[in-house]
Amino acid sequence: MNGLLETAQELAGAIQTGLTEREEKRVVCEVLICPPFTALSALHQQLGESSLKLGAQDMAVESSGAYTGEVSGLMLRNVGCRYVILGHSERRSYYGETDEVVAAKTASAYRDGLTPIVCVGETLEEREAGKTLEVIDRQVNAMLPSLPETDSKRQTLVIAYEPVWAIGTGKVATTEQAQEVHAHIRAQLAKALGDATAGKIRILYGGSMKPGNAKELLAQTDIDGGLIGGAALNANDFLAIVDSLPN
Ligand code: PGA
């Protein structure tokens, strides 16, 4: 909930321009922005068929009907979204979204033709109690039955590991901490879905990623990309993170 429409338009325009100047990056990575709902329609028109893709920050379980205040996956597709973030820690902690709700939304995203970016992550208390991997397993396993049956569709899944204590706090997980959890998630996915599918699922790191730490994080074997919050509010910082991706 950062910025009004004009800010979103300016930011998207600057990022789009930056991307067109980075042909080599467009080959190795997919770049998308997930602005607030109110900016989606205008940005869809502004971006057209640009390589900069659009996603939303949440969606309803249902496709349509009397659900006052909700926005469905079909509505999001209608304004150009291809992706949707689900189960962000702020949704889980402020709005009571449980693992079951996130699982239901994951199924709905596939049903409505959107690629889900499912967020998982432990709180500081859980990390300090040595429960990080247990929490991650619970969150990942709850969502797996919602995946489609075909491997080609399952491979489109995106998971974002976001330690809650690192989101918006300036505290970033060390590369070792992040890689350990990412490798664990990959292994869990391999057990449930097979090595080939697990190898293709993208696992993003989120939590105070910025130009100064992105290169090291993105160089880790199991860190396939980033979910960037604060640093995405500045086009140059966001583009510097894109530049940090290994070619
Ligand atoms: P941050 O946010 O990059 O500002 O920590 C990440 C997020 O909101 O998921």
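Just so it is clear, the structure is predicted and the values come from calculations on it, not from any experiment.

### Remarks on the UniProt feature "binding site: substrate" (unreviewed entry) in the protein chain
Stage number 1. Feature annotation in UniProt assigns "binding site: substrate" (unreviewed entry) to the following positions: Gly168, Ser208, Gly229 and Gly230. Spanning 63 residues, the annotated positions come together in the fold, the maximum distance between their C-alpha atoms being 7.3 Å.
Stage number 2. Structurally, serine 208 can be placed in the loop between strand S6 (202-206) and helix H12 (211-218).
Stage number 3. Look at serine 208 and you get buried, because its relative accessible area is 16%.
Stage number 4. Excluding anything up to four places from it in sequence, serine 208 contacts Ala166, Gly168, Thr169, Gly170, Lys171, Val172 and Asn213.
Stage number 5. In terms of polar contacts, serine 208 uses its side chain to reach the backbone carbonyl oxygen of alanine 166, at 2.7 Å.

### Quick look at the side chain of arginine 22
Stage number 1. Within the secondary structure, arginine 22 is located in the loop between helix H1 (5-20) and helix H2 (23-28).
Stage number 2. Ignoring anything within four residues of it in the chain, the contact list for arginine 22 reads Leu239 and Asp243.

### Considerations on the UniProt feature "active site" (unreviewed entry) in the protein chain
Stage number 1. In this structure's numbering, the residues bearing the UniProt feature "active site" (unreviewed entry) are His88 and Glu162. Considering the C-alpha atoms alone, the annotated residues occupy 75 residues of sequence yet fold into one spot, their largest mutual distance being 8.4 Å.
Stage number 2. Position of histidine 88 among the secondary structure elements: in the loop between strand S3 (81-86) and helix H5 (89-94).
Stage number 3. What histidine 88 contacts, discounting residues up to four positions off in sequence, is Cys119, Glu162 and Ile167.
Stage number 4. Only 3.0 Å separates the side chain of histidine 88 from the backbone nitrogen of glutamate 90, close enough to count as a polar contact.
Stage number 5. Among the secondary structure elements, glutamate 162 is positioned in the loop between strand S5 (158-161) and helix H10 (175-193).
Stage number 6. When residues no more than four places from it in sequence are discounted, the contact partners of glutamate 162 are His88, Cys119, Val120, Gly121, Glu122, Ile167, Gly206, Gly207 and Leu227.

Parameters and conventions
Residues numbered from 1 in each chain as written. Predicted model: local features only at pLDDT ≥ 70, side-chain atom pairs only at ≥ 80, totals over all residues. Heavy atoms only, no water. UniProt positions renumbered as here; feature names shortened; annotations may be inferred. Helix = DSSP H or I, 4+ residues; strand = E, 2+ residues; numbered from the N terminus. Buried < 20%, exposed > 50% of the residue type's maximum accessible area, 1.4 Å probe, protein only. Contact = heavy atoms within 4.5 Å. Polar contact = N/O pair within 3.5 Å; in protein donor to acceptor, adjacent residues only side chain to side chain.

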